[in-house]
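Spelled out, the chains give:
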Amino acid sequence: MADTNASLQIGGKSFDYPVRSGTVGPDVIDIRTLYGKTGAFTFDPGFTSTASCESQITYIDGDEGILLHRGYPIDQLAEQSSFMEVAYLLLHGDLPNKSELETFVYTITRHTMLHEQLAQFYRGFRRDAHPMAIMCGVVGALSAFYHDSTDITDPKQRMIASHRLIAKMPTIAAMAYKYSVGQPFVYPDNKLSYTGNFLRMTFGVPAEPFEVNPIVEQAMRTIFILHADHEQNASTSTVRLAGSSGANPFACIAAGIACLWGPAHGGANEAALNMLREIGTPDRIPEYIARAKDKDDPFRLMGFGHRVYKNYDPRAKVMQKTAEAVLKELGVSDPVFDVARELEQIALNDEYFIEKKLYPNVDFYSGVILSAIGFPTSMFTALFALARTVGWVAQWNEMISDPDQKIGRPRQLYTGQAQRDYVPVGQR
Ligand code: ACO
C-alpha cells in the first residue's frame, strides 16, 4: 500500500514513486516503473540498498541486533521451541497447535529415508570429497528420484517436496560424513528426534547401540534453530533466483547449497575455527588483530562482521552459552574456546572494530561446539545447509505463491566496448 511518494529529478524532470511501509523496518521506494518512465536503471552491486521481494517470514533489525521469525524473537525460539516447531512456523506462518505439530513431525519422520539407489551415487565420489560437494550433487540429484513432487504449480507437490527436503537433509549430510570416514551408512531411526536421529546416523555404527547424549542433542537443536532462516541472505536469494525461472525445488536448494559453501557465507564457521586453531594461544591474538586491520593484508577476522548486523548478532549470544554448556558436559577443555573468548573481548574494545561496527556473528562460536561434539571442520557448512533448508523451502514456497513473482533478471551498468565491426584475424 502506498503511504507517501518519493520524487526523483532526472534531466530537469520530476518523477514520483510510491513509498511503501512494511510492518516494521525501513520503508522501500517502489521503483518498478523507473526504467519505463525514465530510461534509467538503479545501480546497487551487492544489493546493499535493494529489497528484492516482499516477505512475511523473517525480520532482522541489524542496528538493534534483533532477529524475528514470523514475529518471534530468535532467543525465545532457541530456548523454548523445537526445531520441528520452528520449521512448521517458518513454513506455515504460525506456531502449530499440539495436533498440527504431531502431524507435522509424523510427516517429516516418514520421509527420512533416501531412495536406496542414491547410496550408489555417494560411491561415485572420491573418499576425500568435501561434504558440501557431495551435498550439492546429491540434493540436485533428488530431482531425478522424486518426479512426483517437482510440479511447482501444484501446492500439494510443493509441500511434499518441502517435507522431503527437510526430512532427508540429515540423512544426506550424515551419509556424506560416513562416506568420508569409510563407515557404513546408518539408516534413520524414526523413534528418535530430528536431531537425535541425525546424531545417531552420523556417529552411530551398526555394531553397537547408540545412546543420544541429551545435552548434545539439545545443543544441535539450538544450532539448527539458530541457522534455520535469515531473510534474504546470499544463499536464500540464490534459491529464490533459481526458483524464479520455474526450476524444481531440489535443483533450487542445490543452488542454495552451492552459494552457502563460500567462506564469506556458510563457509565462515569452518574458516573461523581454522583461524582460531591457527592463532592457537591468546598471546598471538594481537598479531592477528593487526593483520585484520591492515589494508594491505586480505586477512579478515572470520566469524566477525555481518552485512546486516551492526550490533551483536543475537544468534552469537545464544551460541556462546551453548558452547559453554557443551564443553562442560563433554569435559572438553579446548584452548580454542579461550582464544575465541579473548579475541572477542580484544576486538570488541578495539577502535577499528568499534568504528566499523564489527561484532561476532553466528559462526564465531558454532565451530567450537561442533568440534567438541566430534564433527570435522569440513562438516560444519553441511550442518548449516541442513538447518537452512527449512528457511530455503519456506522462502521458495512464499516466492512461488507470490502473485507479483517474476523471473529474477537484474540489469547492469555496461562499461565495455561500444559497438565495433568485426575484423578478420589476418587484418588484426
Ligand atoms: N575483519 C576485518 N575487517 C572487516 C571484517 C572482518 N571480519 N569484516 C568487515 N571488515 C571491514 C572491511 O575491510 C571494510 O573496511 P573498509 O570500509 O575500510 O573497506 C568494512 O569492514 C566493511 O566491510 P564490507 O566487506 O564492505 O562489509 P560487507 O557487509 O560487504 O561484508 C561480511 C560482510 C562478508 C560478512 C564481512 O564482514 C566478512 O568478510 N566477515 C568475515 C567472514 C564471516 O564471518 N562471514 C560470515 C557472515 S554470517 C553468515 O553468513 C552466516
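Below or above, wherever it landed, is the structure these notes cover. Owing to the predicted nature of the structure, the values given are computational and were not obtained by experimental measurement.

Throughout the structure, instances matching the rule amount to 16 salt bridges. Of the charged contacts, one joins Arg277 and Asp334 as a salt bridge, the two residues approaching to 3.7 Å between their closest N and O atoms. With Arg277 in helix 12 (residues 268–279) and Asp334 in the loop between helix 14 (314–330) and helix 15 (335–348), this pair connects stretches of sequence that are 57 residues apart. Lys293 is the salt-bridge partner of Asp350, the closest N and O atoms lying 2.9 Å from each other. Linking Asp350 in the loop between helix 15 and helix 16 (351–355) with Lys293 in helix 13 (residues 285–293), this pair joins segments that are 57 residues apart in sequence. A network of salt bridges, in which partner residues are shared, links Asp30, Arg32 and Asp404.

Time to look at the state of the cysteines. Following the criterion strictly, the structure yields 0 disulfides and no others. For the unlinked cysteine Cys53, the closest cysteine sulfur is that of Cys252, found at 14 Å. By relative accessible area, which is 26% here, Cys53 ends up partly exposed. Of the cysteine sulfurs around Cys136, a residue in no disulfide, the closest is that of Cys259, at 10 Å.

One can find Asn233 in the loop between helix 9 (214–226) and helix 10 (234–244). A polar contact of 3.4 Å, which involves the side chain of Asn233, links it to the side chain of Arg388. Leaving out residues up to four positions away in the same chain, Asn233 has contacts with His265 and Arg388.

Another aspect to go through is the site of the ligand. Around the ligand sit 20 residues, and of these Lys295, Leu301, Gly303, Arg307 and Lys356 come closest. Interatomic distance of 2.7 Å between a backbone N/O atom of Leu301 and a nitrogen atom of the ligand. For the ligand, the protein covers 74% of the area, taking 930 Å² as the surface of the free molecule. Across the shell around the ligand, the residue classes break down as 10 nonpolar, 5 polar and 5 charged.

Of the voids in this model, the second largest pocket is the one considered here, and its volume is about 280 Å³. Considering the residues around the second largest pocket, the lining is formed by 19 residues, among which Met84, Leu192, Ser193, Tyr194 and Thr195 are closest to the centre. Only helix 3 (83–92), helix 4 (98–109), helix 7 (155–181), helix 8 (194–203) and helix 9 provide two or more residues apiece to the lining of the second largest pocket. Split by residue class, the lining of the second largest pocket holds 8 nonpolar, 8 polar and 3 charged.

A word on helix 10. Listing the buried residues of helix 10 in full gives Ser235, Thr236, Val239, Arg240, Gly243 and Ser244. Elements that come into contact with the buried residues of helix 10 comprise helix 11 (249–260) and helix 18 (380–401). One or two positions beyond helix 10, positive phi appears at Gly246, with a value near 95°.

Analysis parameters
- Residues numbered from 1 in each chain as written.
- Predicted model: local features only at pLDDT ≥ 70, side-chain atom pairs only at ≥ 80, totals over all residues.
- Heavy atoms only, no water.
- Salt bridge = Lys/Arg side-chain N within 4 Å of Asp/Glu carboxyl O.
- Helix = DSSP H or I, 4+ residues; strand = E, 2+ residues; numbered from the N terminus.
- Disulfide = S-S within 2.5 Å.
- Buried < 20%, exposed > 50% of the residue type's maximum accessible area, 1.4 Å probe, protein only.
- Polar contact = N/O pair within 3.5 Å; in protein donor to acceptor, adjacent residues only side chain to side chain.
- Contact = heavy atoms within 4.5 Å.
- Near = heavy atom within 4 Å.
- Areas by Shrake-Rupley, 256 points an atom, 1.4 Å probe, with all protein chains shown as cover.
- Nonpolar A, V, L, I, M, F, W, Y, C, P; charged D, E, K, R; others polar.
- 1 Å grid on protein atoms, 1.4 Å probe; cavity = no way out; pocket = protein on both sides within 12 Å on 5 of 7 lines; lining within 4 Å.
- Points joined across faces, edges and corners; volume = space filled by probe spheres on them.

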